[in-house]
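Summary of structural features
These are the residues of each chain, in order.
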Amino acid sequence: MAPLGTVDETAHIDYAYQIWHGKLPVFGHGLIIRPPHPALRPPVQWESQHPPLNYLIVAPLVGPLIDAGHWVGATMAARLINCVIAAMSVAAIGWAAGAAVGRDRARWMILSAAAATTIGGLIFTGGTAYNDPLLTLLSVLAAGIALRASTKGSAASALRWRA
């Protein structure tokens, strides 16, 4: 997919850019970025209702690159961050699976791969500038903590790693 090839990706990049400049986007104000190449743009800033954590992570790369005129680089940097987060999600799935299958690492890896390959949203958005991969990672971590707490007796003991 071309950089800023969807209206969603353009809106997510705009959100990160606004965070970089100390603002929260406003739905009705639309996007403030104006890419020099044809980019798909939504009529309003429809990502403005999302919590800002993902954009705080991405903004230190996206903001300076856009300010320097590197639109493609900004988009690719955001995509790279999401690739790393998606990979972390697969590892987190393995960690969470450990609560279900015990200590047999081979079964963890098989279950992890099987689970990760069924998450179509993670596979698609893991290579885009969307905020979905962070949601996936945090959701998997929460599920893993809950699974481990239910088998270990407390959230504190659930967070201890035992290989």
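Note that the coordinates shown come from a computational prediction; the quantities given were computed from them, not determined experimentally.

With respect to the overall build of the chain
Per the secondary structure count, the chain includes seven helices and zero strands. Each helix and strand of the chain, placed in order from N terminus to C terminus, yields the pattern α-α-α-α-α-α-α. Per-residue burial for the chain yields a buried fraction of 43% across its 163 residues. Considering only contacts in the chain between residues 6 or more positions apart, those separated by 24 or more positions represent 65%.

What about empty space enclosed by the protein?
Under the criterion given, the structure shown has one cavity of 30 Å³ or more. Reported here for the largest cavity is a volume of approximately 50 Å³. Forming the walls of the largest cavity are His12, Ile13, Ala16, Asn54, Tyr55, Val58, Ala78, Asn82, Ala129 and Tyr130. For the lining of the largest cavity, the secondary-structure elements that each account for two or more residues are helix 1 (7-20), helix 2 (53-67) and helix 3 (71-101).

Overview of the packing of helix 2 against helix 3
For the pair helix 2 and helix 3, interaxial distance at closest approach is 8 Å and the crossing angle is 155°. In terms of orientation, helix 2 lies roughly antiparallel with respect to helix 3. The chirality of how helix 2 crosses helix 3 is right-handed. The residues of helix 3 that touch helix 2, namely those facing Asn54, Ile57, Val58, Leu61, Val62, Leu65 and Ile66, are Trp71, Gly73, Ala74, Ala77, Ala78, Ile81 and Asn82. Of the residues in the contact of helix 2 with helix 3, the class split is 11 nonpolar, three polar and no charged.

Conventions adopted
Residues numbered from 1 in each chain as written. Predicted model: local features only at pLDDT ≥ 70, side-chain atom pairs only at ≥ 80, totals over all residues. Heavy atoms only, no water. Helix = DSSP H or I, 4+ residues; strand = E, 2+ residues; numbered from the N terminus. Buried < 20%, exposed > 50% of the residue type's maximum accessible area, 1.4 Å probe, protein only. Contact = heavy atoms within 4.5 Å. 1 Å grid on protein atoms, 1.4 Å probe; cavity = no way out; pocket = protein on both sides within 12 Å on 5 of 7 lines; lining within 4 Å. Points joined across faces, edges and corners; volume = space filled by probe spheres on them. Axes fitted to C-alpha atoms, helices over the stretch in contact; angles between N-to-C directions. Parallel < 35°, antiparallel > 145°, perpendicular 65-115°, else oblique. Left-handed = near helix turned anticlockwise from the far one by under 90°. Nonpolar A, V, L, I, M, F, W, Y, C, P; charged D, E, K, R; others polar.

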